Amino acid sequence: MDFQHRAGGKTGSGGVASTSESNRDRRERLRQLALETIDINKDPYFMKNHLGSYECKLCLTLHNNEGSYLAHTQGKKHQTNLARRAAKEAKEAPAQPAPAKVKVEVKKFVKIGRPGYKVTKQRDPETGQQSLLFQIDYPEVAEGIGPRHRFMSAYEQRIEPPDRRWQYLLFAAEPYETIAFKVPSREIDKAETRFWTHWNRETKQFFLQFHFKMEKSLPPIGGPPPPAGMKRPPPLMSAVDGHPGSDSMPPPPPGGMSIHPLPPGAPGAPHMPPHMPPMPMRPPPPDGL
């Protein structure tokens, strides 16, 4: 038989494999792969009978060797029966109770009003930083409760229309009501010596002090100083009460400034009104009129 000009054939390599041969080769490759990856001794459905053959207890099939059984486990019938068995066991398994959630006991207090407070404005003489010192009195604070505080943005509260120029400092301690202070929305200096709190357990007073960070100073209007040996040009306008500064124009020469005659044909100088004397003040009317 001539296989030289057959489709898919090569000279000296034999004919094209038939369908049965391809299936047999595929099953052999699956068996080799299963032997490398699956431990057959741990399969709960694998059983060897007294005749020396192998059985699948799930599908009730007989196999002559281990390779045949492993090829069966990769087939559609065995995989379908595995899915059915898993669904049946999940349905018959008793429903396990959900783990109990840890309940956190919420402490309830009867509000007794707002605490007393005192606010002091201060300025550091060395750095010039502005600071605020808060003193909150909690004479009847609950046992084991310490005051708490936090800063709140203007967009978190619902009492006033939000304004980005302000922020709020809140103080809370049971059984007192929470109080808030409206402070400028500037950056807070969180340094150890610039932000501190203290809770005095004997006097039941809570102290908090914080400093605002220094704002960046604007550059001078006149710009940087000129280099040595160069004079600054005179200012266009005086900066204090309309009086000329030290860099103003020099005084006119004695006798006034000389005016050159106008050329022929030029328009004359504008006519200036004469100087008007000041008007006398009228005396106030006598009392009773």
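Here, the structure is the one placed above.
Residues numbered from 1 in each chain as written. Predicted model: local features only at pLDDT ≥ 70, side-chain atom pairs only at ≥ 80, totals over all residues. Heavy atoms only, no water.

In this structure, what is going on with the overall build of the chain? I would like to understand it.
Each helix and strand in the chain was counted, giving three helices and 11 strands. Starting at the N terminus, the α and β elements of the chain follow one another as α-β-β-β-α-α-β-β-β-β-β-β-β-β. Relative to its 289 residues, the chain shows a buried fraction of 22%. Of all intrachain contacts in the chain linking residues separated by at least 6 positions in sequence, the fraction that spans at least 24 positions is 45%. On the chain, roughly 24,500 Å² of surface is accessible, and the fraction owed to carbon and sulfur atoms is 57%. (Helix = DSSP H or I, 4+ residues; strand = E, 2+ residues; numbered from the N terminus. Buried < 20%, exposed > 50% of the residue type's maximum accessible area, 1.4 Å probe, protein only. Contact = heavy atoms within 4.5 Å. Areas by Shrake-Rupley, 256 points an atom, 1.4 Å probe, with all protein chains shown as cover.)

Whenever I open this one, the nonpolar core confuses me. Can you help?
Buried together is how nonpolar side chains tend to be arranged in soluble globular proteins. Judged by nonpolar contacts, the single largest core of 21 residues is most densely connected at Phe134, Ile136, Tyr138, Phe171, Phe206, Leu208 and Phe210. The set of elements that each furnish at least two residues to this core consists of strand E5 (130–137), strand E7 (166–172), strand E8 (179–184), strand E10 (195–200) and strand E11 (205–212). The biggest single contributor to this core is E11, with four residues. Among all residues touching Leu208, those that are not within four sequence positions of it are Leu132, Leu133, Phe134, His149, Leu169, Phe171, Phe195, Trp196 and Thr197. Ranked by size, the runner-up nonpolar core spans 10 residues in total, among them Tyr54, Leu58, Cys59 and Leu70. (Core = buried A, V, L, I, M, F, W, Y, C linked by side-chain atoms within 4.5 Å.)

Would you mind going over the packing of aromatic side chains with me for this structure?
Pairs of aromatic rings are described using the distance from one ring centre to the other and the angle between the two planes. Taken as a whole and assessed by the stated rule, the structure comprises 13 aromatic pairs. Ring centres of Phe134 and Phe171 lie 5.7 Å apart, and the angle between their planes is 50°; on these two criteria the pair is classed as tilted. Of this pair, Phe134 sits in strand E5 while Phe171 sits in strand E7, placing them 37 residues apart in sequence. In terms of burial, Phe134 and Phe171 fall into one category: buried. Considering the side-chain rings of Phe151 and Phe195, the 6.4 Å spacing of their centres and the 50° angle between planes classify their relative orientation as tilted. Taken together, the residues Phe151 in strand E6 (residues 148–153) and Phe195 in strand E10 connect sequence positions 44 residues apart. For Phe151, a relative accessible area of 23% corresponds to the partly exposed category. Members of the aromatic cluster, each reached through a chain of ring pairs, are Tyr117, Phe134, Phe151, Phe171, Phe181, Phe195, Phe206, Phe210 and Phe212. Sitting over the ring of Phe195, Lys190 keeps its end group 5.8 Å from the ring centre. (Phe/Tyr/Trp six-rings, centres within 6.5 Å; stacked < 30°, edge-to-face > 60°. Lys NZ or Arg CZ within 6 Å of the ring centre and 35° of its normal.)

Looking at this model, I keep getting lost on the sheet that holds strand E3 (residues 61–63). Mind explaining?
Backbone-to-backbone hydrogen bonds join strands into a sheet, with any given pair of strands oriented parallel or antiparallel. Read across the open sheet, the three strands follow the order E1-E2-E3; overall the sheet is antiparallel. Every other strand in the sheet has two partners, leaving strand E1 (46–48) and E3 as the edge strands with one partner each. For this sheet the average axis-to-axis angle between neighbouring strands, irrespective of direction, equals 30°. Bridge count between strand E2 (residues 54–56) and E3: three bridges; the pairing is antiparallel. By the bridge assignment for E3, Cys56 is matched with Thr61. (Pairing = 2+ DSSP bridges. Axes fitted to C-alpha atoms, helices over the stretch in contact; angles between N-to-C directions.)

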